[in-house]
Amino acid sequence: MENLRHAPLDMRISALLDNELSEPERLELEALLGTDPQARALFDTLRAADDEACLAFKAMLKEPVSLDLVRSIKTATPPRRAVRLPEEQRPRWTLRPSFSLVCAASFLMFGLGTAAGYLVAGRPQMVTYAELAGDPVRAWLDDVASYYRLYSRQTRHLVEVPATESAHIVDWLMATTGVSFRIPNLAAEKLDFVGARLFSAGGRPVGQLVYRNSDGEVIAISFTKLITPNEPQTDAPPLRQTIRDDIGLVTWQGLQASYVLTGPSSDADLDTLAARIAGII
Amino acid sequence: MSDKTRQTDIRRDLVGFLPQIRRFAMALTRHPAGIDQLVVRACEEAVDKSHLRREDQRLDHWVFMLMRTLWAAGALAKDFGDTDTLPQSTRVGAGSSGHAALDGLPFTSAPVFLLCAVEGLSYAEAATVMGITPDAVAVRMLLARRELSAQKTHASERRA
């Protein structure tokens, strides 16, 4: 307690009884109690009342406590707490690399990086989309060969439009392929015009004129819009013959279209025939 | 010490302090009917909130404070009724010499006198328990002593 120096005397005495006075205040008040009979009498009165009341309060502690009260407190529900289930002891592994371990790891990473760089640099070039797609000329020839192998074995369904509708064939295939052409008359080569069909090769519409020779073998002239090869061949021959199994293919290019003559690989005059067709188609 | 053990210890300690706790309840409420219920409520809250008690805080002082808070909040008011209108025969001091002094004290001074003069708390500690200032504690102590000395003088005069 502070500032009790100017408080009423009984309050100062009360504070003295409770040991709440500061040391100077206590000394000052005790000096007053030693010299002032009225103050001393007040002190004695208050202390006597204090002692009597304390005895009365202490007597209250001897009063019996009911058993129900004790039982209620002993059985008080403790607060719910989160239960932690026992867990398996996991081995603790802390990373404490030594200097030698750090050096070894560094050399290992360097070696791996070097090897990876060598492998990447060893490739001449990256794979391009064009590579994945392949050479368009080769893809076109592959499809033409496949269709030839399929349709050349047909008898009733060899063509879509028969030779009797030649005018319609020209209009139809010109409109579809975008290639202007004439139907070559190859009667001199003992080839009869059977008709025409349309199919897709290398992702392009391809018109095909179908002939049959005296042996019943099928000779087909296929054409499509000009295909530019991936690698320009400046000194490429005008006619190029390839053989795939039992199929012979002779390819050439015109001003606006690419052509391929397809026939049995056993036909020795296929290139000669192609040269003649190239001049009249 | 595990939590379970600490809970058990708190309940055991509370039972050990029951006479003091119950006496403070009497001084606080002056009503015999709901004293035990107030004591139970305070003890249950002490058990429930035992983890909130500071290590340096005495358990009995903490329960006193919880009890005073419960009483001030009026949580048990309907069980106690209006103390000021209680008939004299139902008051704490009725029929008990030990309660006579308590019954003669001013209503607000009785718990403060009990804390400081009997339990030995300082004014600051008692102020914390009662939620008042130390100066208010000093004033209430003075009022209590004045009343006690007056009663003593009156009793002496009646005997004479």
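Numbering of residues starts from 1 in every chain and runs along the sequence as written. For this description, chains carry letters from A and ligands carry numbers from 1, given in the order in which they are written. The model is predicted, so local features are restricted to residues of pLDDT at least 70 and side-chain atom pairs to those at 80 or more, both for listing and for counting; the totals for chains, interfaces and linings are taken over all residues. Remark: hydrogens and water are excluded; side-chain values derive from all non-hydrogen atoms of the structure.

S.K.: Residues and numbers for the pattern of salt bridges, please.
M.R.: By definition here, a salt bridge exists when the distance from a side-chain nitrogen of Lys or Arg to a carboxyl oxygen of Asp or Glu is within 4 Å. In total, this model carries 19 salt bridges over all chains according to the counting rule given. Put simply, Arg 26 of chain A and Glu 30 of chain A hold a salt bridge, and the shortest N to O gap is 2.9 Å. In this pair, Arg 26 of chain A and Glu 30 of chain A both sit in helix α2 (residues 23-35), four residues apart, roughly one turn of the helix. Only protein chains enter the accessibility calculation, which uses a 1.4 Å probe; a residue is then buried when its area is under 20% of its type maximum, exposed when over 50%, and partly exposed in between. Residue classification places Arg 26 of chain A among the partly exposed positions, given a relative accessible area of 24%. The partner of Asp 44 of chain A in a salt bridge is Arg 47 of chain A, and the shortest N-O contact between them spans 4.0 Å. Here the residue Asp 44 of chain A and the residue Arg 47 of chain A both occupy positions in helix α3 (residues 37-60), the gap between them amounting to three residues, near one helical turn. A residue is classified by how much of its surface remains accessible, and Asp 44 of chain A, at 33% relative accessible area, is partly exposed. In this structure, a network of salt bridges that share partners links the residues Asp 18 and Asp 50 of chain A together with Arg 145 of chain B. Under the DSSP-based scheme used, a helix requires at least four consecutive residues in state H or I and a strand at least two consecutive residues in state E, with every element numbered from the N terminus.

S.K.: Which residues make up the packing of aromatic side chains, and what values go with them?
M.R.: Residues and elements named next belong to chain A. Only Phe, Tyr and Trp rings take part, Trp by its six-membered ring, and two of them pair if their centres are within 6.5 Å. Stacked means planes under 30 degrees apart, edge-to-face means over 60, and tilted covers everything else. The tally for this structure, following the rule as stated, stands at eight aromatic pairs over all chains. Plain terms: the ring middles of Phe 193 and Tyr 211 are 5.2 Å apart, the flat faces sit at 55° to each other, and that makes the pair tilted. In this pair, Phe 193 is assigned in strand β2 (residues 192-201) and Tyr 211 in strand β3 (residues 204-212), connecting sequence segments 18 residues apart. The same class applies to Phe 193 and to Tyr 211, which are both buried. Feature note: the residues Phe 181, Phe 223, Trp 252 and Tyr 259 constitute an aromatic cluster, connected by ring pairs. Geometrically, a charge over a ring is one whose NZ (Lys) or CZ (Arg) sits within 6 Å of the ring centre while staying within 35 degrees of the ring normal. Here the guanidinium or amino end of Arg 197 rests over the ring plane of Tyr 151, the centre of that ring lying 3.4 Å away.

S.K.: Tell me about a nonpolar patch on the surface, and please be specific about residues and values.
M.R.: Candidates for patches are residues over 30% relative accessible area with no salt bridge; among them, like charges are joined within 9 Å and nonpolar side chains (Val, Leu, Ile, Met, Phe, Trp, Tyr) within 5 Å. Using a 1.4 Å probe, accessible areas were evaluated by the Shrake-Rupley method; residue-level cover was limited to the displayed protein chains. A cluster of nonpolar side chains, contributed by Leu 108, Met 109 and Leu 112 of chain A, occupies part of the molecular surface with about 340 Å² of accessible area. Inspection of the secondary structure puts Met 109 of chain A in helix α5 (residues 99-122).

S.K.: Please provide a residue-by-residue account of unusual backbone geometry, values included.
M.R.: Residues and elements named next belong to chain A. At Asn 19, a residue that is not glycine, the phi angle is positive and equals roughly 55°. Here Asn 19 lies in the loop between α1 (9-17) and α2. One non-glycine residue with positive phi stands out, namely Lys 190, at about 65°. Its location among the elements puts Lys 190 in the loop between α8 (166-177) and β2. Lys 190 gets classed as exposed once you look at its relative accessible area, which sits at 63%.

S.K.: Tell me about the nonpolar core, and name the residues and values.
M.R.: With 69 residues, the main nonpolar core has Leu 14, Phe 24, Val 39, Met 67 and Phe 113 of chain B as its most contacted residues. Here, two residues are considered to be in contact whenever any of their heavy atoms come within 4.5 Å of each other. Each residue touching Met 67 of chain B, except ones within four places of it in the same chain, is listed here: Ile 21, Phe 24, Ala 25, Leu 28, Leu 38, Val 39 and Ala 42 of chain B. If you look at the next biggest cluster of nonpolar residues, it comprises 26 residues, including Ile 169, Leu 186, Ile 219 and Ala 257 of chain A. What makes a nonpolar core is a set of buried Ala, Val, Leu, Ile, Met, Phe, Trp, Tyr and Cys residues whose side-chain atoms join them at distances within 4.5 Å.

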